[in-house]
Amino acid sequence: MSKHVAFEDNTVVTVFGASGDLSKKKTFPALFGLFREGYLHDTTKIIGYARSNLSDDDLREKIKPHLKTRNGKEDEGKIERFLKMVSYISGPYDENQGYETLKTEIEKFEKEKGVKQPHRLFYFALPPSVFVTVATQIKKLVYAKNGITRVVVEKPFGHDLQSSRELQEKLSPLFTEEELFRIDHYLGKEMVKNLVLYRFGNTFLNAAWNRENIQMVQISFKEPFGTEGRGGYFDQIGIIRDVMQNHLLQILTLLTMERPVSFDPESIRDEKVKVLKAFAPIDTKDILIGQYAKSEDGSKPGYLDDETVSPESKCVTFAALGFKIHNERWDGVPIVMRAGKALNEGKVEIRIQFKAVPSGIFNDIPNNELVIRVQPNEAIYLKCNSKTPGLATTTQVTELDLTYSSRYKDYWIPEAYEALIRDVLIGDHSNFVRDDELDVSWKLFTPLLNYLEGPDAPQPELYPYGSRGPKNLIKYLEDHKYVFEKEGLYQWPIACPDDSKTSSPKM
C-alpha cells in the first residue's frame, strides 16, 4: 500500500444500515476512494450490518456499481481487492443476537491479526429513530474496552432544540465527545475546507474581511429539482432543516469566525461557537419564504401536486433569511442565507460583495465581489475593475479566476465523505460538529421554525418551478444592500468551457 497510510493497521469498520441508499452510494464508495488512493490500509476489515437478509456477495454486488475508478484497469483490480475486505451480517438493531455475531467476527479478526489495541469505527447510515438503540447495543457488546472506539452519526441531529438535547443526553453517557463524530458532509467539501486557509492565509483578504470593507455577505443553495414524490417526507423537514440549520450555517460560521490560535480541532470549533453566540435572534420580519408551484409551461408539478403532501401544506421549499452578528468585525453587515428547491439551476456559492470605490475619478464603478463556488465545478474568482484594452480610458469588470478543474487537473480532490471518513480514522474532529455548537445552532433556528410551523404560520409566496425563486427576491437582496450588476456590464470569456459562468445580474 501507499506511504500515505497514517493510522492503525487492522482497523474494523462497521457500517450500520449497510443495505440502504446512503451506505451504497456514499459510505462504501468513500471507503473505496480512500483505499484506491492509499489512505485506507488493505488490512482493514469492513463489515456491513443491516436487517435485510443478504449474503456477503449480495452486498458486494449492491455496492460495486457505485465504486469509482480513476486509473482504468489498475483501479478495477483495486475494486476486487476492496470487495474482499467487505463482509455482511444480518441482524435486528434492537436485539443482542446480531451484535453477538458481530462481536465474534470482530474478535476473531483481531485475534488472527494479533491486534493489541483494537481500533473500531462504527458508522450510522441509519434513521435517527434507531441511533440510541444501536449506540446502546454497541456499548454493551462491541465497544473496544482496551482500544479505540469511534462512532459516526449522520444528520439530522434532532428536529429542534429539545429533541437535539434529548438525543445528546442519551448518547453522552454511552460515548465521550472524543469518540463521537457528528458528520455534516458539507464540512468535507473542498471549498468549505479551504475557507480557513483562504481567509487567514492571505493578508490582502484578511485585512479587508470586516465591516469597514464588506458591503454584504450572501450564501446561496439552489437545487433544480423538487421533491419528486418525496413530498410527504420533506413536509416534515422543510428547506430550513434540510440544508440551512446545518450545511449553510457551517459555511457561515467558517466565513465569520475569528482566527483560531492553531489548526487544532478544538481551537477551530471554539471560534465557531464563539461567533455563533454573537448572532442576533433571527427576525421573523426579515425573512422571505416560498413554495414552488407548477412550472410556467405546465410541464413540472407544484409542491402541492404531490399526492403525499397535504393540500393545505405551508411547507417552506424556499427561504431567504437575514442574519446580524453583534461583534466588532461584523456589526452592521447584512448577511443573507438563501436556499430553495425547484429553481433554475443547481449550485452552492458564497458571495462577498465589497463596498463601492469612493467617488472622484470614477463614476458609478461596480463593486468588487469575491465568489466562492462550492459546487458544481469548484472555483474562486474575484470580480475586479480593469482598464478596457486599447486607447480607451474606460473601465470594465474582469475576474481573477481560480477554477479548480483547469488549475488542478492532476490533483486528486477527495469527495466530502472520503475526506471526513479519513478524519474519523485518524481522530481529527476539526470538521465535525461539537455538542455545544449543535446546541447554539438549534437555539438560533428553533424560534423561527416554531413560527413557520405554528398555528398562525405565514403563507409562503408561490414561485414557478424552474424560476429564480419568489418574485420579491431581488427586492429582498437589494434591501440587504446587495448591488446588482447592470445588464451586459460583465461577461465571462466566450471560450470558457464552464457554462455555469454566465453573464447576468447574478442571483
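Residues numbered from 1 in each chain as written. Predicted model: local features only at pLDDT ≥ 70, side-chain atom pairs only at ≥ 80, totals over all residues. Heavy atoms only, no water.

J.: Hey, could you run me through the overall build of the protein in this one?
T.: Check the secondary structure of the protein and you find 15 helices and 15 strands. A compact globule built from 507 residues would reach a C-alpha radius of gyration of about 23 Å, and the protein, at 24 Å, matches this within 12%. Expressed along its principal axes, the backbone C-alpha trace of the protein runs to roughly 80 × 55 × 45 Å. Counting every position in the protein, which comprises 507 residues, the buried fraction comes to 54%. In the protein, 77% of the contacts between residues at least 6 apart in sequence involve partners at least 24 apart. Surface accessibility of the protein: about 23200 Å² in total, with carbon and sulfur atoms responsible for 49%. Side chains of the protein carry 68 positive and 74 negative charges; the gap between the two charge centres is 3 Å. (Helix = DSSP H or I, 4+ residues; strand = E, 2+ residues; numbered from the N terminus. Rg over C-alpha atoms; globule rule 2.2 N^0.38 Å. Buried < 20%, exposed > 50% of the residue type's maximum accessible area, 1.4 Å probe, protein only. Contact = heavy atoms within 4.5 Å. Areas by Shrake-Rupley, 256 points an atom, 1.4 Å probe, with all protein chains shown as cover. Lys, Arg positive; Asp, Glu negative; His and termini not counted. Charge placed at Lys NZ, Arg CZ, Asp CG, Glu CD.)

J.: Could you clarify how one ought to interpret unusual backbone geometry in this entry?
T.: Keep in mind that most residues, glycine aside, have a negative phi and that most peptide bonds are trans. A cis amide bond, omega 10°, links Lys155 with the succeeding residue Pro156. Counting through the fold element by element, Pro156 comes out in the loop between β5 (148–154) and α6 (161–171). For the bond running from Gln375 to Pro376, omega is -10°, close enough to zero to count as cis. By the secondary structure assignment, Pro376 is in the loop between β12 (369–375) and β13 (379–387). Phi is positive for Asn377, close to 50°, though the residue is something other than glycine. If you trace the backbone, Asn377 turns up in the loop between β12 and β13. On the basis of relative accessible area, Asn377 is assigned to the partly exposed category, the value being 39%.

J.: Help me out: how do you make sense of the sheet that holds strand β7 (residues 214–222) in this one?
T.: Note: strands within a sheet are paired through backbone hydrogen bonds, in either parallel or antiparallel orientation. Strands sit in the order β14-β13-β12-β11-β7-β10-β9-β8-β15 across an open sheet of 9 strands; the sheet is mixed. Looking along the sheet, the strands with just one partner apiece sit at the ends: β14 (395–403) and β15 (461–464). Each strand axis lies, on average, 20° off the axis of its neighbour in the sheet, ignoring direction. When strand β11 (residues 347–354) meets β12, the two strands line up antiparallel, connected through 6 bridges. Bridge pairing in β12 links Ile352 to Leu370. The strands that helix α7 (residues 190–200) touches are β11, β12 and β13; relative to β12, the one it contacts most, it runs at about 145°. The sheet strands contacting helix α10 (residues 238–256) are β7, β9 (318–323), β10 (335–340), β11 and β12, and the helix crosses β10 at an angle near 145°. (Pairing = 2+ DSSP bridges. Axes fitted to C-alpha atoms, helices over the stretch in contact; angles between N-to-C directions.)

J.: I would appreciate a short explanation of the sheet that holds β5 in the present structure.
T.: Read across the sheet, 6 strands follow the order β3-β2-β1-β4-β5-β6 without closing on themselves; strand pairing throughout is parallel. Whereas interior strands pair on both sides, the edge strands pair on one side only; in this sheet they are β3 (86–90) and β6 (180–183). Each strand of the sheet is rotated relative to its neighbour by a mean of 20°, with strand direction disregarded. Sheet topology note: the strand β4 (residues 119–124)/β5 ladder contains 6 bridges and is parallel. When the bridges of β5 are listed, Phe124 appears paired with Val153. Packing against the sheet, helix α4 (residues 96–112) makes contact with β1 (12–16), β2 (45–50), β3 and β4, and its axis sits at approximately 175° to β2.

J.: How do you make sense of the packing of helix α1 (residues 21–36) against helix α3 (residues 73–84) when you look at a structure like this?
T.: A pair of packed helices is characterised by two quantities: the angle between their axes and the separation of those axes. Between α1 and α3, the least distance of the axes is 10 Å, while the angle of their chain directions is 120°. Considering the angle they form, α1 stands oblique to α3. In this structure, α1 meets α3 at a crossing whose hand is right-handed. For the pair formed by α1 and α3, the contact residues are Phe28, Leu31, Phe32, Phe35 and Arg36 on the first element and Asp75, Lys78, Ile79, Arg81 and Phe82 on the second. (Parallel < 35°, antiparallel > 145°, perpendicular 65-115°, else oblique. Left-handed = near helix turned anticlockwise from the far one by under 90°.)

J.: Which parts of the structure should I look at to understand the nonpolar core?
T.: If you look at soluble globular proteins, the nonpolar side chains tend to sit buried side by side. Ranked by internal contacts, the top residues of the largest apolar core, which has 145 residues, are Phe16, Phe82, Phe124, Met244 and Ile251. When residues of this core are assigned to their parent elements, the largest contribution, 10 residues, is made by α10. The two domains that each donate at least three residues to this core are domain 1 (12–154) and domain 2 (187–480). With residues near it in sequence (within four places) discarded, Phe82 still touches Phe28, Leu31, Phe32, Phe35, Leu40, Ile46 and Leu67. (Core = buried A, V, L, I, M, F, W, Y, C linked by side-chain atoms within 4.5 Å. Domains from an automatic or database assignment.)

J.: Help me understand the environment of Arg165 in this model?
T.: Inspection of the secondary structure puts Arg165 in helix α6. For Arg165, a relative accessible area of 34% translates into the label partly exposed. Spatially, the C-alpha atom of Arg165 lies 33 Å from that of Met216, the residues being 51 residues apart in sequence. In contact with Arg165, not counting residues within four places along its chain, are Asp439 and Lys443.

J.: What's the story with the pattern of salt bridges in this structure? I'm lost.
T.: A side chain of one charge can pair with a side chain of the opposite charge if their charged atoms are brought near each other. With the rule as written, the count across this model stands at 32 salt bridges. Between Asp21 and Lys25 there is a salt bridge, and its shortest N-O distance comes to 3.7 Å. Residue Asp21 and its partner Lys25 are located together in helix α1, separated by 4 residues, close to a single helical turn. For Lys25, a relative accessible area of 45% puts it in the partly exposed group. Between Glu349 and Lys347 there is a salt bridge, and its shortest N-O distance comes to 3.4 Å. On the accessibility criterion, Glu349 (2% relative accessible area) is buried. Assessed through its relative accessible area of 10%, Lys347 is described here as buried. The network of salt bridges with shared partners includes Lys222, Glu345, Lys347, Glu349, Arg351, Glu369 and Lys383. (Salt bridge = Lys/Arg side-chain N within 4 Å of Asp/Glu carboxyl O.)

J.: What exactly am I supposed to notice about the side chain of Glu110 here?
T.: Structurally, Glu110 can be placed in helix α4. With relative accessibility at 6%, the residue Glu110 sits in the buried group. Among the polar contacts made by the side chain of Glu110, one reaches the side chain of Arg120 at a distance of 2.8 Å. Discounting residues that sit within four places of it in the chain, Glu110 has contacts with Val12, Val115, Pro118 and Arg120. (Polar contact = N/O pair within 3.5 Å; in protein donor to acceptor, adjacent residues only side chain to side chain.)

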